[in-house]
Amino acid sequence: MKLLRELTGNAFDFAGTVGGVTLFLGRLLGQIPRALLRPSLIVAQVHNTGALSLVIIMTCALFVGAVLGLLGYDTLLRFGSEDALGTVGALGLVKELGPVVTALLYAGRAGTALASELGLMRATDQLTAMEMMAVDPMRRVVAPRFLGGLIAMPLLTVIFIAIGIFGVQLVGVQNFGVDSASFWSQMRASVELNDVAEGVIKGCVFGFACNLIAVYEGYTAHPTAEGVGRATTRTVVISAVLTLMLDYMITAVML
Amino acid sequence: MVSAVSTPASSAQSAAVTESLIEIRDVHYSVGGRSIFSGLNLSIPRGRITALMGPSGTGKTTLLRLITGQIKPTRGQITFDGIDVSSLKTKELYALRRRMGMLFQNGALLTDMDVFENVAFPLREHTDLPEPLIRNVVLTKLQAVGLRGAARLMPSELSGGMNRRVALARTMATDPEVLIYDEPFTGLDPISMGMIVRLVRHMNNALGITSIVVSHDVKELTELSDTSYIIAAGKVAASGELKDLKGHQSDIVNQFVNGLPDGPVPFHYPAADYRQQLLADSE
Amino acid sequence: MQATRTVEISTGLFVLLGFAALFFMVTQITNRDLTVDGASYDVTAQFENIGSLKPGAAVSMAGVTVGRVDSITFDQNVYKAVVKMRIASNFNRIPNDSDAAIMTSGLLGGQYIGITAGGSEEFLKNGDRIELVQDALVLENLINQLVASFMGRRDENNSGGNSGGESGEGAQTKTEEAKQ
């Protein structure tokens, strides 16, 4: 009985949170047109979320690609189809690994940065001070961060994919001696524009989700040190779960 | 700036109508089932320094939020210069807030900008002033608080007192009619405190700004404030000049003003009988 | 707040890098020549079974891509799939008795149409139909044939006939073609 009450209590909490996020999103979208009038703020945020994440994204991409190359080569070797390594690597990265891993890394690096920045501004009354100075913090602080992140995510995704393929090539061709020509030609023959589109769309959708969660958690964090910490943890957890759920849905639709 | 032009006219008009800038009439406010205010009545006189005091948790910050329109009272009315604050829509509320300035307890400077940019912030957001003019205004305000030389420092490099002075300069940038100080003396050394006191006085004398100071500091406020309100148990417990309140008949006012450790606000948190608890075998 | 010069430059580089990666992905790793540019002419062929042939698949002769599958529709009158192929105009000497077969590229690859030249002196023109076709190989049918041929051989060995052997060979040849 207590369990049931807990579950329904949590269900209402959940519904409340969903409602809260939706209303927040509504306010945010409403402020976007005016936020676009200050491109310098958005550029600064693209830098904050995107350019500063490049190192982690590119490094991880290289290793993910390399591992994919290793695993792919080993597996395909058993069927005598090592030439298909290009196909396997590219399709795996473009459709799944690229968007999903990028989103998870993004949530961990940029998402937490956004959440903690906004949470700290909340805790030190900076957001309230802005409201008192008749400046809407949604327009001045939240919207530029959201837009900056929205632009950064798909770019990071494609960079991840490209570097990842390079990583596959490094291991497969340079290391294991897979024929370079077949590597690329088989890839070209099997990867279609649709697949690339799917990867980019996933990047955009995950970007929307992860950025929304990060700014929401930061903005609504409890104005204490503990609250900020909790907000950043929740950002990573919820972003990860939501990303994987959306991944399943998009893959199912686009298959 | 814009408000500087309007202030003399409006105060000349309203002086005939009312002496008080902000009126709080029979305000009730509760949150989460707990009643914070039940019939609060006070008025903030124009051009004077008014102190708002009370024991911890009486809702002084809540009162400020009611005045600035961040929250609405469940009953009662709050008027600013005759305008009912809770009836305003967002745009009008923002316009009203431009006439007020609020100094937060921790300064609340924007941490990603330097001192100059912080003070210039309201000007950049609300006016289209050319850059040289903004520069002059900012430097003037910083000069008034004695921090013109610190214009290029970042907020993290400032001490607590300097932080608050910059925040004061920032609120002054748009020449508000009212300045609200939320616990301006907390955590300052005597020198910095002296500076803030002097600045509050100066703003009031030189510029005729109505000042509301929320604080615990009875000693400083005794010299500083013209009138004061002591708020306890959701109502105004006492009002008047602070030095007159030292011998007030109300117990809670007496305890507060004289800093007595025990009284209506008890020393001991409610607990079971001491002897019984000690003698009990288990908790 | 103004973005400083460094921030602007690094953001610009980031965005450029992103677009470079996208460009790389679109051009280097996908099918190029999804359509036949320049002058081309259309021919059709009707198949009983197109397998997994898709629009955009290659049309090749002797292993060289000469065109693309433009569209695939179903004709309800003859109950066959009608495949429309777009062939580049410079390949205008394809005999009109050539054979169009649906082949599989590699073991796991996609399907494409391979045209084997016939002997006619007249060539395919725009709107012509290729009469001789070979449908896609359906694995189930292949297996059935193989099984049937083994059964036939066994019966043969028991009874001494020869008909099972031929169909067995026929199935063998087709399997070899599929492996190309």
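Scroll up a little and you will see the structure.
Residues numbered from 1 in each chain as written. Chains lettered and ligands numbered in written order. Predicted model: local features only at pLDDT ≥ 70, side-chain atom pairs only at ≥ 80, totals over all residues. Heavy atoms only, no water.

S.K.: Describe the overall build of chain C, with residues and values.
M.R.: A count of helices and strands for chain C gives three helices and eight strands. Reading the helices (α) and strands (β) of chain C from amino to carboxyl end gives α-β-β-β-β-β-β-β-β-α-α. Looking at chain C as a whole, 32% of its 180 residues are labelled buried. In chain C, once contacts between residues fewer than 6 apart in sequence are set aside, the share between residues at least 24 apart is 63%. (Helix = DSSP H or I, 4+ residues; strand = E, 2+ residues; numbered from the N terminus. Buried < 20%, exposed > 50% of the residue type's maximum accessible area, 1.4 Å probe, protein only. Contact = heavy atoms within 4.5 Å.)

S.K.: Help me get a handle on the sheet that holds strand 4 (residues 75–80) of chain B, residues and values and all.
M.R.: All names here are of chain B. Overall, antiparallel pairing links the four strands, which are arranged 2-1-4-5 in an open sheet. At either end of the open sheet lies a strand with only one pairing partner, and these are strand 2 (34–45) and strand 5 (83–84). For strand 1 (residues 20–31) and strand 4, the ladder comprises five bridges, and the chain directions are antiparallel. In the sheet register, Glu 23 faces strand 4, and the bridge partner there is Thr 79. (Pairing = 2+ DSSP bridges.)

S.K.: I'd like to hear about the interface of chain C and chain A, residue by residue, with values.
M.R.: On the chain A side, the residues contacting the 23 residues of chain C number 30 residues. Between chain C and chain A, a total of about 2,200 Å² is buried, with carbon and sulfur atoms accounting for 75% of that surface. The interface formed by chain C and chain A includes zero salt bridges. Counting across the chain C and chain A interface gives one residue pair in polar contact (both at pLDDT 80 or more). Partitioning the side of chain C that touches chain A into residue classes produces 13 nonpolar, seven polar and three charged. (Buried area = accessible area lost by both parts, 1.4 Å probe. Salt bridge = Lys/Arg side-chain N within 4 Å of Asp/Glu carboxyl O. Polar contact = N/O pair within 3.5 Å; in protein donor to acceptor, adjacent residues only side chain to side chain. Nonpolar A, V, L, I, M, F, W, Y, C, P; charged D, E, K, R; others polar.)

S.K.: Break down the packing of aromatic side chains for me, with residues and values.
M.R.: Residue and element names in this part refer to chain A. Inspection of every chain in the model, using the stated rule, returns seven aromatic pairs over all chains. Relative to Tyr 216, the ring of Phe 24 has its centre 5.3 Å away and its plane inclined at 80 degrees; by these criteria the two rings are edge-to-face. Of this pair, Phe 24 sits in helix 1 (residues 2–35) while Tyr 216 sits in helix 8 (residues 193–219), and the two are 192 residues apart along the sequence. Like Tyr 216, Phe 24 is buried. (Phe/Tyr/Trp six-rings, centres within 6.5 Å; stacked < 30°, edge-to-face > 60°.)

S.K.: Lay out the nonpolar core with the relevant residues and their values.
M.R.: A:Phe24, A:Leu28, A:Val142, A:Phe183 and C:Phe14 are the most contacted members of the largest nonpolar core, which has 71 residues in total. Per element, the largest residue contribution to this core is 18 residues, and it comes from helix 6 (residues 137–175) of chain A. Apart from the residues lying within four places of it in its own chain, the contact partners of A:Phe24 are A:Met138, A:Val142, A:Leu212, A:Val215, A:Tyr216 and A:Tyr219. Counting residues in hydrophobic clusters, the runner-up holds 49 residues, among them B:Ala51, B:Phe116, B:Val119 and B:Met203. (Core = buried A, V, L, I, M, F, W, Y, C linked by side-chain atoms within 4.5 Å.)

S.K.: Give a description of the interface of chain B and chain A that names residues and reports values.
M.R.: Counting residues at the interface gives 19 residues for chain B and 19 residues for chain A. In this structure, A:Arg139 and B:Glu125 form a salt bridge, with 3.4 Å as the shortest nitrogen-oxygen distance. For the pair chain B and chain A, the interface holds seven residue pairs in polar contact (both at pLDDT 80 or more). Of all the secondary structure elements, the ones that give two or more residues to the side of chain B that touches chain A are helix 3 (90–97) and helix 4 (115–126) of chain B. Of the residues belonging to the side of chain B that touches chain A, the class tally is nine nonpolar, five polar and five charged.

S.K.: Could you give an account of the sheet that holds strand 3 (residues 49–53) of chain B, naming the residues involved and the relevant values?
M.R.: One key point about sheets: their strands pair by backbone hydrogen bonds, in either a parallel or an antiparallel sense. Residue and element names in this part refer to chain B. Ordered by their spatial adjacency, six strands build an open sheet running 6-7-8-3-9-10, and the pairing between neighbours is mixed. Two strands lie at the open edges of the sheet, namely strand 6 (100–103) and strand 10 (235–240), each paired on one side alone. Strand-to-strand twist across the sheet, computed as the mean angle between neighbouring axes with direction ignored, equals 20 degrees. Sheet topology places strand 9 (residues 227–232) next to strand 10; five bridges connect them, and they run antiparallel. Note that in strand 10 the partner of Ala 232 across the bridge is Lys 235. Across the sheet, helix 6 (residues 160–172) is in contact with strand 6 and strand 7 (178–182); its angle to strand 6 comes to roughly 170 degrees. (Axes fitted to C-alpha atoms, helices over the stretch in contact; angles between N-to-C directions.)

S.K.: Please give an account of unusual backbone geometry that cites residues and values.
M.R.: One non-glycine residue, A:Ala134, lies in positive phi territory at about 60 degrees. Tracing the backbone shows A:Ala134 in the loop between helix 5 (126–132) and helix 6. Judged by relative accessible area, A:Ala134 falls into the buried class, the value being 5%. Phi is positive for B:Asp81, close to 50 degrees, though the residue is something other than glycine. Secondary-structure assignment places B:Asp81 in the loop between strand 4 and strand 5.

S.K.: Explain the pattern of salt bridges residue by residue, including any values.
M.R.: One pass over the structure, following the stated rule, counts 30 salt bridges over all chains. Among the salt bridges present, the one from B:Asp81 reaches B:Arg46, with a minimum N-O distance of 3.1 Å. Here B:Asp81, found in the loop between strand 4 and strand 5, pairs with B:Arg46, found in the loop between strand 2 and strand 3; they are 35 residues apart in sequence, far enough to count as distant. Of the two residues, B:Asp81 and B:Arg46, neither departs from the other in class, the shared state being buried. Among the salt bridges present, the one from C:Asp42 reaches C:Arg86, with a minimum N-O distance of 3.1 Å. Of this pair, C:Asp42 sits in strand 1 (residues 40–47) while C:Arg86 sits in strand 4 (residues 80–88), and the two are 44 residues apart along the sequence. Judged by its relative accessible area of 19%, C:Asp42 is buried. Take C:Arg86: its relative accessible area is 28%, and that puts it in the partly exposed class. Look at the salt bridges and you will find they share partners, linking A:Lys95, A:Glu96, A:Asp195, A:Glu198, A:Lys202 and A:Asp247 into a network.

S.K.: Explain the packing of helix 3 (residues 54–78) of chain A against helix 4 (residues 85–123) of chain A to me, and be specific about the residues and the numbers.
M.R.: Residue and element names in this part refer to chain A. Two numbers describe how helix 3 lies on helix 4: the axes approach to 10 Å, and their chain directions differ by 145 degrees. Viewed along their axes, helix 3 and helix 4 form a crossing whose handedness is right-handed. Counting all contacts with helix 3, which are made through Ile 56, Ile 57, Cys 60, Val 64, Leu 68, Gly 69, Gly 72, Tyr 73 and Leu 76, the residues of helix 4 involved are Leu 85, Val 88, Gly 89, Leu 93, Leu 97, Thr 102, Leu 105 and Arg 109. (Left-handed = near helix turned anticlockwise from the far one by under 90°.)

S.K.: Tell me about the side chain of A:Thr128, and please be specific about residues and values.
M.R.: Of note, A:Thr128 is situated in helix 5. Judged by relative accessible area, which is 14%, A:Thr128 ranks as buried. Among all residues touching A:Thr128, those that are not within four sequence positions of it are A:Arg122, B:Gln70 and B:Phe104.

S.K.: Please give an account of the packing of helix 6 of chain A against helix 8 of chain A that cites residues and values.
M.R.: Residues and elements named next belong to chain A. As a packed pair, helix 6 and helix 8 sit with axes 8 Å apart at the nearest point and diverge in direction by 150 degrees. The angle between the axes of helix 6 and helix 8 places the two elements in the roughly antiparallel class. The two elements helix 6 and helix 8 cross, and the hand of that crossing is right-handed. Seen from helix 6, the contacting residues are Pro 137, Met 138, Val 142, Arg 145, Phe 146, Gly 149, Leu 150, Met 153, Pro 154, Thr 157 and Val 158; seen from helix 8, they are Gly 199, Val 200, Gly 203, Cys 204, Phe 206, Gly 207, Phe 208, Asn 211, Leu 212, Val 215 and Tyr 219. Here the residues of the contact of helix 6 with helix 8 are counted per class, giving 15 nonpolar, six polar and one charged. (Parallel < 35°, antiparallel > 145°, perpendicular 65-115°, else oblique.)

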